[in-house]
Amino acid sequence: MNEFSKYEQQEEIEIKDWSKTLEPTFRDSYHQQNEVLVERADKNSAKVRAIIKPSKEEAADFPKGFFVQMESVLEAKEAGPVLNSGNGQIEMYDFNCKDVQFLVGGKKVNFSEILPDDTNFVIKQCPTTDRSYGNGFYNPLTKTIEITTFSKIDAFFTLLHEAGHAIDFFNKGVNKGGPEVKTQDELSKYTDSRGLRDIERCAWAEALKIARAKGLPTKQIRKAMKKSLCGYGLK
Ligand SMILES: [Zn+2]
C-alpha cells in the first residue's frame, strides 16, 4: 500500500496535498510570480507545469517576457523527511519525473532527447538547511539527476549542467575512455580537487553545447558557470 492510498476517496484533498508537498521545490519568496499547476493523473502521479520568470532584480538580464517552463509527469517514489514549513508539517516525497520538457525563452528543450537513455530524473525533496549542494545533483552510480529546487532561473542552468555530467560520464570523457564508473571507490577519483575541476569543467562544456544546439541564451549560462566554478574555487 502506498502513502497516497489514504486519499483514495478524496480527490480534492489529494491534489491539495500534492501542491503543498511540491511547494518547497517550486516556490521561493523572491519569485512570487511563479505558477505551478498540478493536475491529478492517477493516484500516484500528477502532471506539473511550473513557470519561472526572472525576479525584478534579474529582469534586466533577460529579454522582455522571458520565462522557463518545466513540464513533467511526476510519480511519487518514496516518503522522505518531514519538513516544518509555514503551513505546518509537510511529508516530503521523492518524485520520479517522466517526459521532462522545458520551454526556455520560446525554445523547446526535451531532456529525453538530450540525456543518455538510462538516465533517471528525480525531484529529491529535502529541507533546504540540510542541503550540501545547490539546485541539482548528478549521481553517476545510479545515473540519476536530482532536482532539489526549481524556483529560480538559475535552477534551469544547473539542470543543464547536471545533464552535462550525465553526458560526460556516459561518454566517459572524464576518465578518458576508461571503464564506466560503477562504485563509490571509482567515483572518489573524481571528487578530489583535480578530478572535481575536470568533471565540473566538462559538465559546463556539455551544458553550453546543449544550449548552442537548442538556441538558448548562452550569456546567462556562462554567468552561471563562472559563479559555479568560483564556488568550487575552480575559476
Ligand atoms: Zn557539477
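Scoring rules and cut-offs
Residues numbered from 1 in each chain as written. Predicted model: local features only at pLDDT ≥ 70, side-chain atom pairs only at ≥ 80, totals over all residues. Helix = DSSP H or I, 4+ residues; strand = E, 2+ residues; numbered from the N terminus. Expected span 1.5 Å × (residues − 1). Buried ≥ 20, exposed ≤ 12 C-beta atoms within 10 Å, placed from the backbone. Axes fitted to C-alpha atoms, helices over the stretch in contact; angles between N-to-C directions. Parallel < 35°, antiparallel > 145°, perpendicular 65-115°, else oblique. Contact = placed C-beta atoms within 7 Å. Core = buried A, V, L, I, M, F, W, Y, C linked by C-beta atoms within 7 Å. pLDDT = per-residue confidence, 0-100.

## Some remarks on helix α3 (residues 153-170)
Part 1: End to end, α3 covers 26 Å across 18 residues, agreeing with the expected 26 Å (1.5 Å per residue, within 8%).
Part 2: Here α3 lies mainly inside the structure; 17 of its 18 residues are buried.

## Quick word on the packing of α3 against helix α6 (residues 218-231)
Part 1: For the pair α3 and α6, interaxial distance at closest approach is 10 Å and the crossing angle is 75 degrees. As far as their axial angle goes, α6 and α3 are roughly perpendicular. Residues D154, F157, L160 and H161 of α3 lie in contact with α6, whose contacting residues are Q220, I221, A224 and S228.

## Examining the packing of α3 against helix α5 (residues 193-214)
Any two packed helices are characterised by how steeply their axes cross, that is the angle between the axes, and by the distance between the axes.
Part 1: Orientation of α3 relative to α5, taken along the N-to-C sense of each, is 110 degrees, at an axis distance of 7 Å. Between α3 and α5, the angle is such that the two are roughly perpendicular. Seen from α3, the contacting residues are L160, H161, A163, G164, H165, I167 and D168; seen from α5, they are I199, C202, A203, W204, E206, A207, I210 and A211.

## Re the nonpolar core
Part 1: Grouped together as the largest cluster of nonpolar side chains are 47 residues, with contacts concentrated most on F156, L160, A163 and A207.
Part 2: Ignoring sequence-local partners within four residues, the contact set of A163 consists of F111, I114, L115, I145, A207 and I210.

## Focus on the confidence of the model for the chain
Part 1: Summarising the model, the chain shows a mean pLDDT of 78, and 71% of its residues fall at 70 or more.
Part 2: Per-element confidence in the chain ranges from a low mean pLDDT of 59 for helix α1 (residues 11-26) to a high of 94 for strand β5 (residues 107-110).
Part 3: Note on residues 129-133: pLDDT is under 50 here. Beyond four places in sequence and across chains, it has 2 contacts.

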